[in-house]
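# Residue-level structural notes
This is what each chain is made of:
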Amino acid sequence: MSEKQITVKEIITANELVSGASVYLSDAGHWLPEMQKARVFLDSEHSELERQIEKAQNSTRLISLETVRVVHRQGRIEPLRLREKIRATGPTTPRQRPQQILAGDYVSL
Amino acid sequence: MYRYDQFDARFVAERVAQFRDQVARRLSGELSEEQFRPLRLMNGLYLQLHAYMLRVAVPYGTLSATQLHKLADIARIYDRGYAHFTTRQNVQFNWPRLDDVPDILELLAGVQMHAIQTSGNCIRNITTDQFAGAAKDEIVDPRPVAEIIRQWSSLHPEFSFLPRKFKIAITGAPNDRAAIKFHDIGLMAQQNEKGEIGWVVYVGGGMGRTPMIAKPLNDFVAHKDLLAYLESVLRVYNRFGRRDNKYKARIKILVHEEGLETLREQIDSEFSLLCGGDLTLPEAELERIEAYFAPPPFKESNARFNLARLWASDGELARFVEHNCHAHARDGYTSVTISLKPIGGVPGDASAEQMDVVADLAEKFSFGELRVSHAQNLVLPHVAISEVAEVFQVLKKAGLGEANIDQITDIIACPGLDFCALANARSIPLAQDISKRFGAVARQEEIGELKIKISGCINACGHHHVGHIGILGVEKKGTEPDHHWRGGERRSGDRGDRRAGSGRERGFGRH
């Protein structure tokens, strides 16, 4: 399938307040550090995406809320922008792990 | 070195306490991010791609061994065991947690450091020649005047919310190592026909998306009038600088749009009101500040490098002396630049262990003094020539012995897309690739002096406009085609850069 035929979708990301770590809204409504567990919104789910953004904006635990355009490639979520790939996986050289969030596996609002 | 007076100590301590309270209120939800953001930025705390970043001021690039030990401690305890030295002679920590920052600031205050005015639309850290107070070609040590400007500009009530950030650089030597013509105001020492020392004032320089070389505004401002003159420039800028468009808000745009003569008339008019007033610097106060920067107790020595003999006996040391040692004003001494550009390394990064080694060397061999250069290296300003070989051995053992100052591998690079939220492309991997490719000693010697500067976006933190070769990273369809520039040269200061065309495609995951 050519690049043009891949459906572009969106995920929602933010930085966790205390650590500054990148987190992603999951299907379960938690904010997780793993981008691969992000909830993917199709174009048809735009109003739901807006609702989730509004909900997150009311949180005191999240900052710098953004949506990220992604595609599914070989079963994995892949952002269209290099910036978001690096943001999800950490600095590339020397390779460093992403920032860790506070105790617990996710940010709960 | 300057030591805080009671006022300095009190305002830094008060600021730490204020910020501790602000962080607590943010964490409790009492403050929103919208309310908190300007407060954290006033204390040098940015949010980057992966985490917060704390930028700590190193006033005019001068550090004590004690301060560098403390920075190493902070890197170990609160960060990931390293720190990054910047092109504005500051130091950055890439991974602090918000709730740790008040403790970090308290530790910094304990060694007379802070992060105030390292962000925001205010007068930023005053930068100067990394060899200030040591260089053989110096007319006057610029640090006392830099310190006076620091005191005047710190928490200045009129200039805390300028149209845009404002950067001042000062050099006491005719060879400009502080890139003064690429600052909002550049000051260069000058001796007039009466033998008095004053300052040539340049205005309106800068890089970023609209690179401009500063224009000469005044060819001689006496010490005693300097603050009044700077206040006049800042007042005119504060009044007429554009606040409607952040991309046109720097003073360089005001100079460009209004013209230097119009601006000079306004500044002269303001200066006529301020000259001879409260801002006149008493000679006694200048002398009091100068006393803090008195030369250290040098030993009498007539030791000199004999490079021919050194090349015959120890080529490695000879190369280090040739590239990393700078002529000192005092016989028998030299200034040693410690390269933070190991072959294939990250430009400007130093581990906590390396910082401790350098601080120990400063204590033992350089009267406890250190400098940060705008080329992202460290300097031991006063090393006895007879002790350079010992210093070199310690540096080599710590992975800091690279003899490459001003060579092709001494690359200036911003953090780029690996860290920076504004960047479009990575700078660090490109610098590493170039360093590895040309890192062989013979190849570097063949190429000779060559300054490569890399910025990951148009904001030009990597000074790409003024490198012999400048590289600007841009983003195109998720990849990083680099744009190369060539022909800039900060030292001559009057040659613009020229675009040389697009570079290679760089796919994600190659490194």
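Structure: see above.
Everything quoted here is computed from the prediction, not taken from an experiment.

The helix and strand inventory of chain A stands at two helices and five strands. What you see in chain A, going N to C, is helices and strands ordered as β-β-β-α-β-β-α. Counting only residues that meet the buried cut, chain A has 48% of its 109 residues in that class. Considering only intrachain contacts with a sequence separation of at least 6, the fraction spanning at least 24 residues in chain A is 59%. Of the roughly 5,700 Å² that chain A leaves accessible, carbon and sulfur atoms contribute 46%.

What follows is about empty space enclosed by the protein. Residues and elements named next belong to chain B. All told, the structure shown has seven cavities of 30 Å³ or more when counted by the stated rule. Approximately 160 Å³ is the volume attributed to the largest cavity. As for the largest cavity, its lining consists of 13 residues, of which Y2, P59, Y60, Q67 and Q112 are closest to the centre. Among the residues forming the lining of the largest cavity, the class breakdown is seven nonpolar, four polar and two charged.

Residue and element names in this part refer to chain A. Where strand β1 (residues 9–16) and strand β4 (residues 62–73) come together, seven bridges link them in antiparallel fashion. Bridge pairing in β4 links E16 to L62. One ladder, built from four bridges, connects β4 with strand β5 (residues 76–79); its direction is antiparallel. Counterpart to R73 in the pairing with β5 is R76. Counted between consecutive antiparallel strands, the loop separating β4 from β5 contains two residues, among which Q74 sits at a positive phi close to 50°.

With that settled, the discussion passes to the interface of chain B and chain A. Accessible area lost upon the coming together of the parts is a frequently used measure of interface size. Every contact between the two is made by 31 residues of chain B and, on the other side, 28 residues of chain A. Counting across the interface, chain B meets chain A through one salt bridge. With a shortest N-O distance of 3.1 Å, A:R81 and B:E475 are connected by a salt bridge. Put simply, chain B and chain A have 14 residue pairs in polar contact (both at pLDDT 80 or more) between them. Broken down by secondary-structure element, the contributors of at least two residues to the side of chain B that touches chain A are α1 (6–28) and α14 (428–438) of chain B. With three residues, the top contributor of residues to the side of chain B that touches chain A is α14(B). Taken together, the residues that form the side of chain B that touches chain A break down as 16 nonpolar, six polar and nine charged.

Residues and elements named next belong to chain B. Contact pair helix α6 (residues 226–240) / helix α8 (residues 260–274): the axes reach a minimum separation of 8 Å and the direction vectors enclose 125°. Relative to α8, the element α6 is oriented oblique. Our pair here, α6 against α8, has a crossing hand that is right-handed. Contacts between α6 and α8 involve A228, Y229, E231, S232, V233, R235, V236, R239 and F240 from the former and L263, Q266, I267, D268, E270, F271 and L274 from the latter. Tallied by class, residues from the contact of α6 with α8 come to nine nonpolar, two polar and five charged.

Now for the environment of B:L155. Residue and element names in this part refer to chain B. Relative to the helices and strands, L155 is located in the loop between α5 (143–153) and β7 (168–171). C-alpha separation for the pair L155 and F11, spaced 144 residues apart in sequence, amounts to 9.2 Å. In this structure, L155 is in contact with F11, R15, I116, Q117 and S160, ignoring residues within four places of it in sequence.

Counting 61 residues, the largest nonpolar core has B:L63, B:L68, B:L71, B:F85, B:M355 and B:L380 as the members making the most contacts within it. Ignoring anything within four residues of it in the chain, the contact list for B:L71 reads B:L63, B:V91, B:F93, B:L108, B:M113 and B:M355.

With that settled, the discussion passes to the sheet that holds strand β14 (residues 369–372) of chain B. Adjacent strands of a sheet form backbone hydrogen bonds with each other and so pair up, either parallel or antiparallel. Residue and element names in this part refer to chain B. If you trace the five strands from one edge of the open sheet to the other, you get β3-β14-β15-β12-β11, paired in antiparallel fashion. Of all strands in the sheet, those with a lone pairing partner are β3 (62–64) and β11 (325–327), marking the two edges. Neighbour-to-neighbour, the strand axes of the sheet open up by a mean angle of 35°, direction not taken into account. Sheet topology places β3 next to β14; three bridges connect them, and they run antiparallel. Note that in β14 the partner of T62 across the bridge is R371. Its contacts with the sheet place helix α3 (residues 65–78) against β3 and β14, and it is angled at close to 85° to β3.

A few words on the side chain of B:D184. Residue placement: B:D184 occurs in the loop between β7 and β8 (185–191). Setting aside residues up to four positions removed in sequence, B:D184 forms contacts with B:K165, B:F166, B:K167, B:Y202, B:V203, B:G204, B:G205, B:R250 and B:I251.

Residue and element names in this part refer to chain B. Strand order across the open sheet formed by five strands is β1-β2-β5-β4-β13, with antiparallel pairing between neighbours. Both edges of this open sheet fall to β1 (45–47) and β13 (349–351), since each of them pairs with a single strand only. Between one strand and the next, the sheet's axes are offset by a mean angle of 30°, whatever the strand orientation. Relative to strand β5 (residues 91–93), strand β4 (residues 82–85) is paired through two bridges, and the arrangement is antiparallel. Residue pairing across strands places H84 opposite Q92, the latter belonging to β5. Docked against the sheet, α3 engages β4 and β5, running at close to 15° with respect to β5.

Here we come to the packing of α1(B) against helix α4 (residues 101–110) of chain B. All names here are of chain B. Where α1 contacts α4, the axes come no closer than 9 Å and their chain directions differ by 175°. Our classification of the angle between α1 and α4 gives roughly antiparallel. Of α4, the residues touching α1 (which contributes V12, V16, F19, R20 and V23) are V101, P102, D103, L105, E106 and A109. Here the contact of α1 with α4 is composed, by residue class, of eight nonpolar, no polar and three charged.

Cut-offs and rules
- Residues numbered from 1 in each chain as written.
- Chains lettered and ligands numbered in written order.
- Predicted model: local features only at pLDDT ≥ 70, side-chain atom pairs only at ≥ 80, totals over all residues.
- Heavy atoms only, no water.
- Helix = DSSP H or I, 4+ residues; strand = E, 2+ residues; numbered from the N terminus.
- Buried < 20%, exposed > 50% of the residue type's maximum accessible area, 1.4 Å probe, protein only.
- Contact = heavy atoms within 4.5 Å.
- Areas by Shrake-Rupley, 256 points an atom, 1.4 Å probe, with all protein chains shown as cover.
- 1 Å grid on protein atoms, 1.4 Å probe; cavity = no way out; pocket = protein on both sides within 12 Å on 5 of 7 lines; lining within 4 Å.
- Points joined across faces, edges and corners; volume = space filled by probe spheres on them.
- Nonpolar A, V, L, I, M, F, W, Y, C, P; charged D, E, K, R; others polar.
- Pairing = 2+ DSSP bridges.
- Salt bridge = Lys/Arg side-chain N within 4 Å of Asp/Glu carboxyl O.
- Polar contact = N/O pair within 3.5 Å; in protein donor to acceptor, adjacent residues only side chain to side chain.
- Axes fitted to C-alpha atoms, helices over the stretch in contact; angles between N-to-C directions.
- Parallel < 35°, antiparallel > 145°, perpendicular 65-115°, else oblique.
- Left-handed = near helix turned anticlockwise from the far one by under 90°.
- Core = buried A, V, L, I, M, F, W, Y, C linked by side-chain atoms within 4.5 Å.

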